[in-house]
Amino acid sequence: MNSARYSALFLLLATHLMGTELTLNSAVERLLTYNYDLQIARQESQKSRADLITAKEHPNPVLNGSYEFMDINHHFSDQARGSNGQATLILSHPFETAGKRNRRIDLANNTILFSDFIYDEITREQLISLITSYYTLLGDQSDVEHAQNNADSYAKIVAIAKAKLDNGFLSAIDYQKIALQQIDYTKEYENAHLALIQDRETLASLLSIPTSDVTATSSEDIDITIPTLDELLNKIPNRPDCKAAKQNISVADASLQLEKAIAIPNVSVGAEYASFGPYYEPLAGFNFSIPIPIYDKNEGDIEKARIGTLQAADIYSKTLRNARAEIIQSYEAAKSHKNIYQAMSNGYNSAKELREKQEKIFTLKGISVLDLLDAQKSYRQYQKNLTQATIDLHIATARLKLNSGDLMIPTKGN
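Residues numbered from 1 in each chain as written. Predicted model: local features only at pLDDT ≥ 70, side-chain atom pairs only at ≥ 80, totals over all residues. Heavy atoms only, no water.

Topic: the overall build of the protein chain
How we decide: Numbering of helices and strands runs from the N terminus; a helix is a DSSP stretch of H or I covering at least four residues, while a strand is a stretch of E covering at least two. The rule is simple: take the accessible area with a 1.4 Å probe, protein chains only, and divide by the maximum for that residue type; under 20% is buried, over 50% is exposed, in between is partly exposed. Method for areas: the Shrake-Rupley scheme with a 1.4 Å probe, in which residue coverage is limited to the protein chains shown.
Along its length, the protein chain carries 10 helices and six strands. When the 414 residues of the protein chain are sorted by exposure, 37% land in the buried category. Carbon and sulfur atoms form 55% of the exposed surface of the protein chain, whose accessible area is close to 23,200 Å².

Things to note about the packing of helix α2 (residues 24-34) against helix α3 (residues 36-55)
Here is the rule we go by: In this description, a line fitted to the C-alpha atoms serves as the axis of each element, helices being fitted only across the stretch in contact, and the angle between N-to-C directions of two axes falls anywhere from 0 to 180 degrees. The scheme is simple: roughly parallel for angles under 35 degrees, roughly antiparallel for over 145, roughly perpendicular for 65 to 115, oblique for anything else. Contacts are assigned to residue pairs that have any heavy atoms within 4.5 Å of one another. We call Asp, Glu, Lys and Arg charged. Ala, Val, Leu, Ile, Met, Phe, Trp, Tyr, Cys and Pro are nonpolar, and the rest, Gly among them, are polar.
Packing of α2 against α3 leaves a shortest axis separation of 6 Å and a crossing angle of 45 degrees. On the basis of the axis angle, α2 is oblique to α3. For the pair formed by α2 and α3, the contact residues are Leu-31, Leu-32, Thr-33 and Tyr-34 on the first element and Tyr-36, Leu-38, Gln-39 and Arg-42 on the second. Tallied by class, residues from the contact of α2 with α3 come to five nonpolar, two polar and one charged.

A word on the sheet that holds strand β6 (residues 283-289)
Our working definition: Strands pair, by our definition, only if DSSP identifies at least two bridges between them.
The strand order β2-β3-β5-β6 describes an open sheet built from four strands, whose pairing is antiparallel. Strand pairing shows two members of the sheet lacking a second neighbour, β2 (62-68) and β6, which therefore form its edges. The mean inter-strand angle of the sheet, taken between neighbouring strand axes irrespective of direction, is 20 degrees.

What about the environment of Ile-160?
Relative to the elements of secondary structure, Ile-160 occurs in helix α4 (residues 100-166). Here Ile-160 falls in the partly exposed class, since its relative accessible area comes to 27%. Remark: the alpha-carbon pair of Ile-160 and Thr-363, spanning 203 residues in sequence, is separated by 7.0 Å. Filtering out sequence-adjacent residues up to four positions away, Ile-160 remains in contact with Phe-362 and Thr-363.

So, the nonpolar core
It is characteristic of soluble globular proteins that their nonpolar side chains tend to be buried jointly. Worth spelling out the cut-off: The criterion is simple. A nonpolar core is a set of buried Ala, Val, Leu, Ile, Met, Phe, Trp, Tyr and Cys residues joined through side-chain atoms within 4.5 Å.
Of all hydrophobic cores here, the largest spans 31 residues; its most connected members are Leu-130, Tyr-135 and Leu-207. Among the elements of the structure, α2, α3, α4, α6 (182-206), β4 (214-216) and α10 (369-403) are those that each provide at least two residues to this core. With 10 residues, the single largest contributor to this core is α4. If you look at the next biggest cluster of nonpolar residues, it comprises 13 residues, including Ile-157, Ala-161, Ile-178 and Leu-373.

With respect to the packing of α4 against α10
Note the following rule: Put simply, a crossing is left-handed when the front helix is turned counterclockwise from the back one by less than a right angle, and right-handed when it is turned clockwise.
Contact geometry for α4 and α10: axes closest at 10 Å, N-to-C directions at 165 degrees. Our classification of the angle between α4 and α10 gives roughly antiparallel. Seen along the crossing, α4 lies across α10 with a hand that is right-handed.

Notes on the environment of Ala-27
When you line up the elements, Ala-27 lands in helix α2. Distance from Ala-27 to Leu-203, taken between C-alpha atoms, is 9.3 Å for residues 176 residues apart in sequence. In contact with Ala-27, not counting residues within four places along its chain, are Leu-22, Leu-130, Tyr-134 and Leu-207.

Quick notes on the pattern of salt bridges
For clarity, the threshold we go by: One speaks of a salt bridge when a side-chain nitrogen belonging to Lys or Arg is within 4 Å of a carboxyl oxygen belonging to Asp or Glu.
The full count for this structure, using the stated rule, is 12 salt bridges. When the shortest N-O distance is used, the salt bridge between Glu-188 and Lys-384 registers 3.8 Å. Of the two residues, Glu-188 is situated in helix α6 and Lys-384 in helix α10; the sequence distance between them amounts to 196 residues. Two residues, Glu-353 and Lys-357, come together in a salt bridge whose shortest N-O distance is 3.3 Å. Of this pair, Glu-353 and Lys-357 both sit in helix α9 (residues 299-364), four residues apart, which is roughly one turn of that helix.

Quick look at the packing of aromatic side chains
For clarity, the cut-off: Aromatic rings from Phe, Tyr and Trp, taking only the six-membered ring of Trp, are treated as a pair when their centres fall within 6.5 Å; an angle between ring planes under 30 degrees marks them as stacked, one over 60 as edge-to-face, and anything in between as tilted. Only when the NZ atom of a Lys or the CZ atom of an Arg is both within 6 Å of the ring centre and within 35 degrees of the ring normal do we say a charge sits over the ring.
Counted under the stated rule, the structure contains three aromatic pairs. Both rings, one in Tyr-134 and one in Tyr-135, keep their centres 5.5 Å apart while their planes meet at 90 degrees; by these two values the pair is edge-to-face. This pair shows no difference in class: Tyr-134 is buried, exactly as Tyr-135 is. Each ring, one from Tyr-154 and one from Tyr-185, has its centre 4.4 Å from the other, and the planes form 20 degrees; the classification is stacked. Residue Tyr-154 is located in helix α4, and its partner Tyr-185 is located in helix α6; the two are separated by 31 residues in the primary sequence. In terms of burial, Tyr-154 and Tyr-185 fall into one category: buried. Residue placement shows Arg-30 over the ring face of Tyr-34; its charged tip is 4.3 Å from the ring centre.

Points about the confidence of the model for the protein chain
What counts, and what does not: How sure the predictor is of each residue is captured by pLDDT, a score from 0 to 100.
Counting all residues, the mean pLDDT for the protein chain is 86, and 88% of those residues have values of 70 or more. Within the protein chain, helix α1 (residues 2-12) has the poorest average pLDDT of any element, 45, and helix α8 (residues 240-262) the best, 96. Here residues 1-18 scores under 50 on pLDDT; set against residues more than four positions off or in separate chains, the count is 41 contacts.

Focus: the pairing of strand β3 (residues 86-95)
The sheet contact formed by β2 and β3 spans seven bridges and is antiparallel. Following the sheet pairing, Val-62 is matched in β3 by Ser-92. Here 10 bridges tie β3 to strand β5 (residues 267-276), and the two strands are oriented antiparallel to one another. By the bridge assignment for β5, Ala-87 is matched with Ser-275.

Pasting the structure below:
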């Protein structure tokens, strides 16, 4: 009960400063729209669709024309048959064989799907970065809030100690020990404030926000429900990188089939018009051409494409293995951070209760200065550890979802 209460308190204590306030959902929406890496990946996917336009095109016909045997000495007026000009026009059209166009289209379609899965994978990676940056900033805001409150609270203790010193109830040495501890509070606040500024800039850069004056806001509870490992491992094929690696096999196969088709020569067929001076009587003709594959049989590119299919299969196996390792690591990390969070919650409540009791005793009666300072230090340490444990649990559970292929957003691939 206390853990849930502190979790809600932690999330609501995030400092509301002037600037751009972001919930996690609004941060995700902005990431999808303005993040530079996603924009570049989106444009790469659009380029693959342009390749499909090219793949559907047919070869262009070729028009050749010539005018030969011009009698320059007779100023083109020689009447001797066969010794003067010849006009020729040839229109030929190449015809692709072995289904090359269909092979190109198949390759382009497979590449489009592959690029969509790559976009989804980059999105997953950017979401992991966003989750880490967002909750880190939320923790920084909480640290600054706590550091300021702790400094203000300790200033009251110093004031009480000064009153006791003035009235002879506290020695000068004990008062000096208490007063010197204010340096630690100042240092704690400055370190927290510096981390806040730096992590703000990181999140602003990730979201392409013009100003780094960003505030993370959230009111959601910590989701400590962790699925079973077997359930998570069954989701491996649905991860975008695994889908992309599997689709890469189809791309490699389509590329191999295209290279084999390229090895088969195309045929060009043409119609010819010719006439000879001086009467230029119209004559017609027919021609065709076909390369004879004696030397160039496209063997090198075919072999390269064949090896590419083997390479794609190995990449897929490696991707599946890496995905399995990431899920297992994320699963164990989430369980560990859940246990740490629960332990820190209990420790924090005890340290807070002890600090409050020690402060009352110091105010009303008297207490060892060392006991007082130890209670203050222990409370601050548990407070800081609980904040970090809360952040770590948020990040760990989110990474577990993302590593199991749950992007929590619409995807481009199927």
